[in-house]
Structures are given as C-alpha cells and as structure tokens.
Amino acid sequence: MSEQTDVRETLHQYALSAPKTSGVYLWRDDKDIVIYVGKAKSLKNRLSSYFASRRDIKTRILVSRARRLEYIQTDNEYEALLLENNLIKKYKPRYNINLKDGKTYPVLKITNERYPRLYRTRRVQNDGARYFGPFPNVSALDDFLSLVKRSYTLRQCKRLKKQEPCLYFHIGRCSAPCAGKISEQDYQRDIDEIALLLEGDFVQPLAELKNKMQAAASAREFEKAARIRDGIQAVQVLRGQNTVEDMDPEARDYIGWAAEGALITFTVFKMRGGKVVGRDLYRTESLKDESEVLPEFLIAYYTDPQQIPPHIFVFSGQGHELAEQWFADRFGVQVVITAIPLEEKPAASSTDEAYSDPEAAAAEGDGFVEAAADSVLPSGYAKRTDGEAGAVKSNPSHGAVSDALEAAEPHLNYGAVADTAENSSGNEPPSLHEHLAAMPSSVLRRHRAALAMARFNAKEDAARRLKELGDFPAVEELQKVLGLEHPPRRIEGFDIAHLHGKYTVASLISFKDGNPDKKNYRIFRLRKTDGIIDDYTSMREAVARRYTRLVNEGAELPDLIMIDGGIGQVNAAKSILDALELDIPLVGLAEKNEELYRPHVNRPIVLPRRSAALRLLQRVRDETHRFANTRNNRLRSKESLHLVFEQLPHIGAKRAAVLLRSFSSIEKLATASAEAVASALKITPAQAEEVIAAAGNYMNGTL
C-alpha cells in the first residue's frame with residue numbers, strides 16, 4: 001500500500017470518528033499549512049463526504065494534498081459560520097475564496113445621543129455607542145429592523161433640529177423628538193426594550209410583540225400580523241448563541257479541561273480583538289485531582305510574556321492566586337484569572353449531562369481530530385497541536401467596544417469590577433459570588449458559553465483518547481483487585497428495570513478493553529416476572545437466556561460479568577452459571593456505597609473513590625442503567641399510546657396496534673388525512689373522519 005493511500009485511509013478513519021455536531025474543520029498539507037477551512041452542520045457527515053467515491057476533481061485534489069485534519073466543535077451553525085470567517089481571514093487558505101475586501105458581518109448600532117438612533121453598520125467605533133452582533137443572517141437582520149420601524153417610533157433623521165414634525169410622524173413611524181412630541185424618558189424606554197430584544201431578558205418584550213400580533217390578527221389586519229410574526233422570528237434567529245465573536249476588545253483566553261482517569265486534555269480558546277483566533281489542545285497524564293492541575297498547566301503553557309493575555313477565564317480549579325503571582329514574578333505581567341462556574345448553582349449542567357451518558361459521548365465522537373505526532377511541552381505536557389492560531393500578540397482593535405447591555409461605558413474593565421467589589425467590603429478580597437454579581441449578566445453569559453465550548457472540546461478529546469488507547473490501566477487494576485487469571489478485556493453487565501413490576505426488561509451491555517462495544521448490546525423482555533417485582537428471578541432469567549444461547553452457538557464468552565446489585569443478585573446469577581457449568585468470574589456493584597460483591601462472600605470489596613477499576617465498573621453500571629431505562633420508558637410510552645388509541649371510536653386492540661405502527665403518535669393521527677386512516681384501518685372514510693376528530697378532541701382535552 002502506498003504512502004498516499006495510507007494517509008488517505010488515516011484521514012478517512014478520523015473523519016468517520018467525528019461527531020455529528022456543528023463545527024469548523026481545517027485541512028493541512030505536508031508543511032502543516034492550512035489549505036482549506038470549512039464549516040459543517042454535522043462534522044461527521046461533511047468530513048466523510050470528502051472520501052465518497054464520486055467526488056469532483058477539486059475535492060479529490062484537496063484530499064490528495066492534505067496530510068492532517070483538525071476540527072473545532074461549536075454550539076450551533078451560527079458560531080461555525082463566524083469562526084469559519086475569522087479563520088479564513090487569518091490563514092488565507094489556498095482553496096478558500098480570498099476575502100481581500102476585509103469586510104465583516106454587519107452589526108446593529110444604538111448611537112450615543114440624547115435621542116439615540118438604531119441602524120445597521122459594518123464599522124465599529126470607540127464612540128460610546130452600543131453595538132450588537134455580528135449577524136451573518138442579513139435577511140433576519142433586515143426583518144428585525146423592519147419590525148423596529150413599524151413597532152417603535154424611533155427617529156429617522158440623522159440630525160435633530162427643532163421644527164415641525166416630518167412626514168414620518170404623521171404616518172406613525174416617528175415620535176418626533178425634534179419637535180418635543182415625546183419625553184426623553186419615554187423615548188429611552190423604547191430604546192431599552194429594543195436592546196433587551198437583542199441582548200438581555202427578552203421574554204417580556206417578546207410577549208408584548210406577540211400580543212400585538214394577535215391583536216392585529218383579531219382585527220383582521222393580517223399583513224401587519226405577518227410583519228410582526230416575521231420580526232419575532234428574526235429576533236429568535238438573531239438571539240442565537242454566539243460565543244466565537246463579540247464586541248469586547250480585551251485579549252483573553254478561555255481554558256477548559258477534562259479527565260478520563262489519568263488522561264487529561266486542556267483546551268485553550270484565544271480571543272483577540274473580540275474574535276476567536278485560535279484553539280490549542282494539549283494532552284497529558286496526571287494522578288492529581290482534576291481541580292489541582294490548572295496551576296501546573298498554566299506554568300507549562302505560558303512561556304512567552306508577549307503572548308500572555310491580561311485575562312484568563314477558567315471554570316473551576318485551585319491555586320489561581322499563586323499562578324497570578326508567578327506570572328508577575330517570572331514575566332512581569334499582570335494577569336487576572338477568573339473562575340466562572342458553568343452553572344450558577346451546584347448542579348450538573350446540560351452540557352455535563354450530555355457526557356454522563358456514555359452512548360451520547362461515543363455517538364457524538366470527538367472534539368478535535370488530527371493525524372500528527374505529538375510534540376513536547378515543558379513539565380511533561382504533550383502538545384497535541386499548535387492550534388489554529390499559535391499565540392497572538394495582544395493588540396486589540398481600537399475601534400471595538402463592549403456590546404454588554406448593562407455597560408454605560410464603551411469598554412468593560414474586569415479589573416475595575418474586582419476593585420469595586422473589594423472596595424465595597426473594606427480590605428477584604430471579593431468573594432466569587434460578589435465578583436460574578438458585579439459582572440453584567442450578558443457578559444457573564446458570554447464568558448460561561450465560551451468556557452462551556454472549551455470544556456466541551458476537551459471532554460470530547462479525552463473521551464476519544466480513552467477510546468483510542470483502551471482503558472488498560474483500569475482493566476489491569478480490576479484483574480488484580482478481583483484476583484483474575486486473565487485481564488477482563490470483555491466485560492458484560494446486567495441491569496433490571498421495571499415500573500411497579502410492569503414493563504420489566506433486562507439490559508445486557510458489553511465493554512471491550514474498557515470501552516463500550518455497542519454491537520453486542522441486547523435487551524430482554526422478561527416473561528416470568530411481568531407484573532410482579534422479583535429482581536432475583538428476573539436476573540436469573542436474563543442470565544439464563546444470554547448464556548444458554550452463547551453455549552449453544554459456541555460463541556465467545558466474556559472475561560467478567562458485572563451485575564448491578566448486591567450479594568443477592570450476584571448469587572442469583574451465579575446459580576445459573578453453575579447450572580450451565582460455566583466458570584465465568586462474577587462481580588456485583590452495589591450503588592449505595594459503591595461496594596463490590598463476589599458470589600457467596602458477604603464481606604464487600606471497597607475500592608478508593610479514584611480507583612481506575614472502580615471507575616470502569618461504574619461506567620459499565622451506568623450504561624446498563626441507561627440502556628435498561630431507555631427501553632423501559634419506550635415500552636411504557638408505547639403501552640400508554642396503545643390505550644389512548646383504544647379510546648377512539650371504531651378502534652379495538654388490533655386496530656390500535658395498526659395505528660401505532662402507521663402513525664406512532666396521537667398528534668400525527670389528528671393531522672392525517674381521512675384517506676390514509678381509512679386505508680390503514682380498512683374502514684370507511686366517514687369512520688376515518690370520526691377517528692381523526694376524536695384524536696383532535698383528545699389533544700384538546702375534550703375527549
């Protein structure tokens with residue numbers, strides 16, 4: 001096989017392992033130069049398409065010259081579009097359109113005047129005005145401006161002169177502040193409401209717009225109602241989260257990290273001049289607690305004083321003050337390190353919850369991909385890549401200003417925020433709560449979103465490393481803990497799920513080399529315990545059905561069986577293995593105290609909380625939980641819907657089953673055509689109309 005074929009196959013495999021989330025990807029050549037930057041709604045689908053057999057000549061040339069592939073995940077397509085634009089301007093890749101005119105996406109400007117104006121512009125100046133954006137969706141931006149012109153009577157003229165009101169006033173498009181027809185306070189109230197629509201708590205203004213839309217529709221002014229509707233949709237589009245570009249000119253870095261056992265990945269997003277201009281990804285191994293690794297990384301990562309930003313944001317950790325002192329003593333650089341929790345209260349965020357689900361983590365793939373060897377950082381840190389930017393000198397754009405709603409001045413001074421909090425409490429340093437409370441809410445949201453994106457990419461890479469390498473340390477430790485003859489490379493786990501004895505199912509999941517092996521997942525709908533609660537009998541049935549079949553087929557047996565439960569469930573499973581004359585090691589994990597039980601041994605094994613072996617068994621246990629509960633919930637929903645269908649006219653048990661297969665939900669049935677329903681159920685059109693009407697009544701709560 002030629003070298004070119006080897007490279008192509010390596011890149012193809014990385015593309016196949018990419019997540020199905022939005023993001024930006026970069027192709028690099030043999031000199032590590034970026035030759036193409038692209039964006040994708042689904043990174044996996046887009047990158048895989050480059051290796052399809054029937055591609056045009058341009059795509060084949062691009063792939064043939066590529067030697068490395070990278071990608072950055074974003075929260076949505078809007079962020080991907082902005083980040084793509086920034087990276088194209090930075091790298092000027094050979095196969096991208098060369099943006100020589102230097103234009104950027106438009107922003108909205110509220111002028112710094114007694115009676116402010118609102119208009120679209122591409123120039124951001126340090127003039128005390130408030131800027132919102134940028135907005136790549138120009139069509140939505142125009143719809144929003146149209147909404148403002150028709151719903152708010154802001155002035156249209158560039159200069160205010162005391163005179164008689166103009167035509168705009170007489171047609172209801174201007175409040176004529178030039179002629180004193182509106183007070184400054186009332187005018188400013190409209191401006192504040194518009195600002196809330198763009199950035200802030202826009203629930204109340206949006207509700208008022210919806211009321212206006214409904215009032216216009218009730219008055220049969222349908223064109224007016226449609227315009228307001230389009231404006232509302234435009235607001236929702238413009239309010240899409242954007243963490244890759246803002247109006248804050250301060251140079252700053254956002255650092256997120258994640259650990260999988262001893263493997264730790266750090267992600268650094270670099271914001272310069274209000275734009276994400278680069279992302280560095282570093283891999284290392286450490287036995288330190290995850291909250292203690294930050295100072296060591298900061299000292300190893302920042303080695304050039306010219307490339308250290310004045311502000312660094314992290315989401316947790318310890319030793320920030322020591323790191324700040326080290327920057328000052330070693331480089332003479334004043335750096336402020338601010339910790340912003342990803343959630344306002346100590347609860348798992350939606351982003352974190354996504355990673356508590358092993359299937360979701362495996363399905364979504366990896367936050368960063370490249371086919372290249374690692375270089376070395378000081379203190380043992382392995383550098384994965386120099387990122388999109390390398391480090392950039394802190395030289396913010398003098399024209400950029402803060403777009404924070406609450407900020408009265410054009411620039412946000414984070415140090416001033418800290419000083420204010422400190423002065424308010426004497427010589428006491430401000431608490432984290434006081435510091436965050438002093439920060440404008442819109443600014444806090446942006447920082448939190450950027451940190452979440454950094455941590456998201458770090459988590460994905462850490463999960464990918466574990467998948468690539470296999471969790472061999474955990475497997476080896478588990479062999480020692482349980483006294484096994486061979487490493488338990490294949491582990492199968494069982495769990496039982498039911499609702500008061502109904503819809504009883506058993507899940508079987510499989511791990512190979514410490515990672516999920518989903519093609520060997522199975523679900524058993526249990527027969528003996530349907531309608532009763534008996535976990536021991538349920539476990540015996542599931543184990544018997546699984547291993548009787550494997551024995552009969554002569555299939556591969558697992559190296560270890562893990563039961564979700566205590567000594568009772570373990571002994572129940574052991575009785576089946578003995579009856580089948582199988583000598584497969586067996587262990588139970590009791591959730592309450594995370595204790596390990598062996599068959600017929602009442603004294604449990606208690607492992608340290610940071611034990612790799614315990615972590616592996618917890619992953620197996622959590623996956624059995626998830627898989628069993630998912631199927632149990634599906635059965636409950638299906639049964640409930642089946643009963644709902646049976647309440648409809650002309651529908652019995654058999655026809656309810658037909659409806660479930662054909663329409664899957666009461667909503668789809670209520671919107672189906674009479675012909676489709678009549679054809680599926682073999683009834684007359686008149687009877688089908690009755691069924692559809694009854695389904696609609698059920699949705700309205702009148703059945």
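All values derive from a computational prediction rather than experimental measurement.

Thresholds, definitions, all that
Residues numbered from 1 in each chain as written. Predicted model: local features only at pLDDT ≥ 70, side-chain atom pairs only at ≥ 80, totals over all residues. Heavy atoms only, no water. Helix = DSSP H or I, 4+ residues; strand = E, 2+ residues; numbered from the N terminus. Buried < 20%, exposed > 50% of the residue type's maximum accessible area, 1.4 Å probe, protein only. Contact = heavy atoms within 4.5 Å. Areas by Shrake-Rupley, 256 points an atom, 1.4 Å probe, with all protein chains shown as cover. Pairing = 2+ DSSP bridges. Axes fitted to C-alpha atoms, helices over the stretch in contact; angles between N-to-C directions. pLDDT = per-residue confidence, 0-100. Patch = residues over 30% accessible without salt bridge, like charges linked within 9 Å, V, L, I, M, F, W, Y side chains within 5 Å. Salt bridge = Lys/Arg side-chain N within 4 Å of Asp/Glu carboxyl O. Lys, Arg positive; Asp, Glu negative; His and termini not counted. Charge placed at Lys NZ, Arg CZ, Asp CG, Glu CD. Disulfide = S-S within 2.5 Å.

Colleague: Even after reading the chapter, I still don't get the overall build of the protein chain, so can you show me in this structure?
Modeller: Looking only at helices and strands, the protein chain has 24 helices and 21 strands in total. Evaluated residue by residue, the protein chain yields a buried proportion of 50% over its 703 residues. Considering only intrachain contacts with a sequence separation of at least 6, the fraction spanning at least 24 residues in the protein chain is 65%. Split by element, the accessible area of the protein chain, about 34000 Å² in all, is 49% carbon and sulfur.

Colleague: Please explain the sheet that holds strand β3 (residues 68-73) as it appears in this structure.
Modeller: Two orientations exist for strands paired in a sheet by backbone hydrogen bonds: parallel and antiparallel. As summarised here, the arrangement of the 3 strands in space is β2-β1-β3, forming an open sheet in which the pairing is antiparallel. One side of each edge strand has no neighbouring strand; the edge strands of this open sheet are β2 (34-40) and β3. This sheet shows a mean twist of 20° between the axes of neighbouring strands, independent of strand direction.

Colleague: Looking at this structure, I do not really get the confidence of the model for the protein chain. What am I missing?
Modeller: Low-pLDDT stretches of the model should not have their predicted coordinates read in fine detail. For the protein chain, per-residue confidence averages 75 on the pLDDT scale, and residues scoring 70 or more make up 75% of the total. Confidence, expressed as mean pLDDT per element, reaches its minimum in the protein chain at strand β12 (residues 375-376) with 30 and its maximum at strand β18 (residues 560-564) with 94. In this model, residues 98-102 is a region of pLDDT below 50 whose contacts with residues beyond four sequence positions or in other chains number 5 contacts.

Colleague: What's the story with a positive patch on the surface in this structure? I'm lost.
Modeller: Taken together, Arg-150, Lys-212, Lys-224 and Arg-227 make up a surface patch of like positive charges. Structurally, Arg-227 can be placed in helix α9 (residues 222-238). Classification of Arg-227 by relative accessible area gives partly exposed; the value is 33%.

Colleague: Please explain a nonpolar patch on the surface as it appears in this structure.
Modeller: Judged by side-chain polarity, Leu-167, Tyr-168 and Ile-171 come together as a nonpolar surface patch covering roughly 320 Å² of accessible area. Positionally, Leu-167 belongs in helix α6 (residues 167-170). Taking relative accessible area as the criterion, Leu-167 reaches 60% and is therefore assigned exposed.

Colleague: What exactly am I supposed to notice about the state of the cysteines here?
Modeller: Working definition of a disulfide: a covalent bond connecting the sulfur atoms of two cysteines. Across all of its chains, the model carries 0 disulfides by this definition. Here Cys-174 is not disulfide-linked; the sulfur of Cys-166 is the nearest cysteine sulfur, at 5.3 Å. According to the relative accessible area criterion, Cys-174 is buried, its value standing at 7%.

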